[in-house]
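Here is how the chains run, residue by residue.
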Amino acid sequence: MRNFYHTIIINIHRIIFYLIKSNIWLRHIERHSAEERYALANEMVAWSNKSSGCKTIAYGYENLPKEGGYMLYPNHQGKYDVLGIFNTHKRPVSFVMDEKRSHLILVSEFLRLVEGKTIELNDPRHTITVFNEMAEELKQGRKFILFPEGGYKENNGNVVEPFKAGSFKVALMAKVPIVPVALVDSYKVYNSDHVGPVTTYVYYLDPIYYDEYKDMRSHEIAAMVEKIIKEKIAEHLANNK
């Protein structure tokens, strides 16, 4: 957490600047394309990384489907996870987060710039409503990040918690590719006692197309994606001892 507070303190002037700029844009969101708004969101990520000494290296960008919408399903390690993906994902992508955390300063603006979604974790009916909205938007070519672990544990290392089967219902509804994403050392940035520069890793793994998973139950898909991500993390750690 030290890096998190340090980043806020040394960037308070930039935070004020981006709060003002993003809120001006959000008053007339229709005047700015998805690409422009995504670029602004990534400006925030860039200065945050530069000031904190954080660097993210990505592999497997060629695995991302070239056309249409898709779901990115990463493991969840902490506050930096979405930023690490944004920092490496060239085309506009959005994300889903807990409604209770979505009202924080700058988080709210960041979420609205990319037209993200919020879900109430203990309200299945609301979640289904949001998933229906997402499914329609995915069919139109949008791309979303959804963390199947639900939340994250502080300073949990590169441990992957069990994936929730319900997270994969939106992919089934939209019939879009599932892209497993393995995040490594992301927790070190803002959710550990680590101080100083950090290098994190994002692995975009082979997509799983609808024809490959359409006959599977959601808990089977969850287990499959969890296994794929765990194996990639274990491979990375074994090769970087």
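Residues numbered from 1 in each chain as written. Predicted model: local features only at pLDDT ≥ 70, side-chain atom pairs only at ≥ 80, totals over all residues. Heavy atoms only, no water.

## Some thoughts on the sheet that holds strand S6 (residues 178–184)
What counts, and what does not: Strands qualify as paired when DSSP identifies two bridges or more between them. Counting from the N terminus, the helices are DSSP H or I runs at least four residues long and the strands are E runs at least two residues long. Think of each axis as a best-fit line through the C-alpha atoms, taken over the contacting stretch in the case of a helix, with angles from 0 to 180 degrees between the N-to-C directions.
Spatial ordering of the open sheet is given by S1-S7-S6-S2-S5-S3-S4, a layout of seven strands whose pairing is mixed. Pairing within the sheet leaves two strands with one partner each, and these edge strands are strand S1 (54–59) and strand S4 (117–119). For this sheet the average axis-to-axis angle between neighbouring strands, irrespective of direction, equals 25°. One ladder, built from four bridges, connects strand S2 (residues 70–74) with S6; its direction is parallel.

## Let's talk about the environment of Ala238
Relative to the assigned elements, Ala238 resides in helix H10 (residues 218–239). Along the chain, Ala238 and Val82 lie 156 residues apart, while their C-alpha atoms are 25 Å from each other.

## Thoughts on the nonpolar core
For clarity, the threshold we go by: Take the buried Ala, Val, Leu, Ile, Met, Phe, Trp, Tyr and Cys residues and link them wherever side-chain atoms come within 4.5 Å; each set so joined is a nonpolar core. Three exposure classes are used, based on accessible area relative to the maximum for each residue type with a 1.4 Å probe and protein chains only: buried under 20%, partly exposed in between, and exposed over 50%. Residue contacts follow a heavy-atom distance rule, with two residues in contact if any of their heavy atoms lie within 4.5 Å.
If you look at the biggest cluster of nonpolar residues, it comprises 38 residues, and the most contacted ones within it are Met44, Leu72, Phe86, Phe95, Phe110, Ile145 and Val181. With six residues, the single largest contributor to this core is helix H3 (residues 34–52). The residues touching Leu72, leaving out its near neighbours within four places in the chain, are Leu64, Ile85, His89, Val93, Phe144, Ile145, Leu146, Val179, Val181 and Tyr204. Of all hydrophobic cores here, the second largest spans 31 residues; its members include Tyr73, Phe131, Met134 and Ala135.

## Points about unusual backbone geometry
Look at Leu106: it is not a glycine, yet its phi comes out positive at around 75°. Its place among the elements puts Leu106 in the loop between strand S3 (94–98) and helix H5 (107–113). Residue classification places Leu106 among the buried positions, given a relative accessible area of 16%.

## As for the side chain of Asn49
Our working rule: Polar contacts, as counted here, are pairs of nitrogen or oxygen atoms within 3.5 Å of one another; within protein the pair requires one atom able to donate a hydrogen and one able to accept it, and residues that are adjacent in sequence qualify only if both atoms are side-chain atoms.
One can find Asn49 in helix H3. By relative accessible area, Asn49 is classed as buried at 6%. Polar contacts involving the side chain of Asn49 include one to the side chain of Tyr80, which spans 3.2 Å.

## With respect to helix H6 (residues 124–139)
How we decide: A helix's residues, less one, multiplied by 1.5 Å, set its expected span. Note that the arc is defined by the directions from the helix axis to the C-beta atoms.
When the terminal C-alpha atoms of H6 are compared, their 22 Å separation across 16 residues agrees well with the 22 Å that a helix rising 1.5 Å per residue should span. All buried positions along H6 are accounted for by Thr127, Val130, Phe131, Met134, Ala135, Glu137 and Leu138. The arc enclosing the buried residues of H6, seen along the axis, measures out at 165°, which places them on a common side. Pointing more than 90 degrees away from the buried face of H6 are the exposed residues Arg125 and Lys139. Packed against the buried residues of H6 are S2, S3, S4, strand S5 (143–145) and helix H7 (169–174). Gly141 lies just past H6 and shows a positive phi near 110°.

Take it as geometry only, folks, not as evidence of what the structure does.
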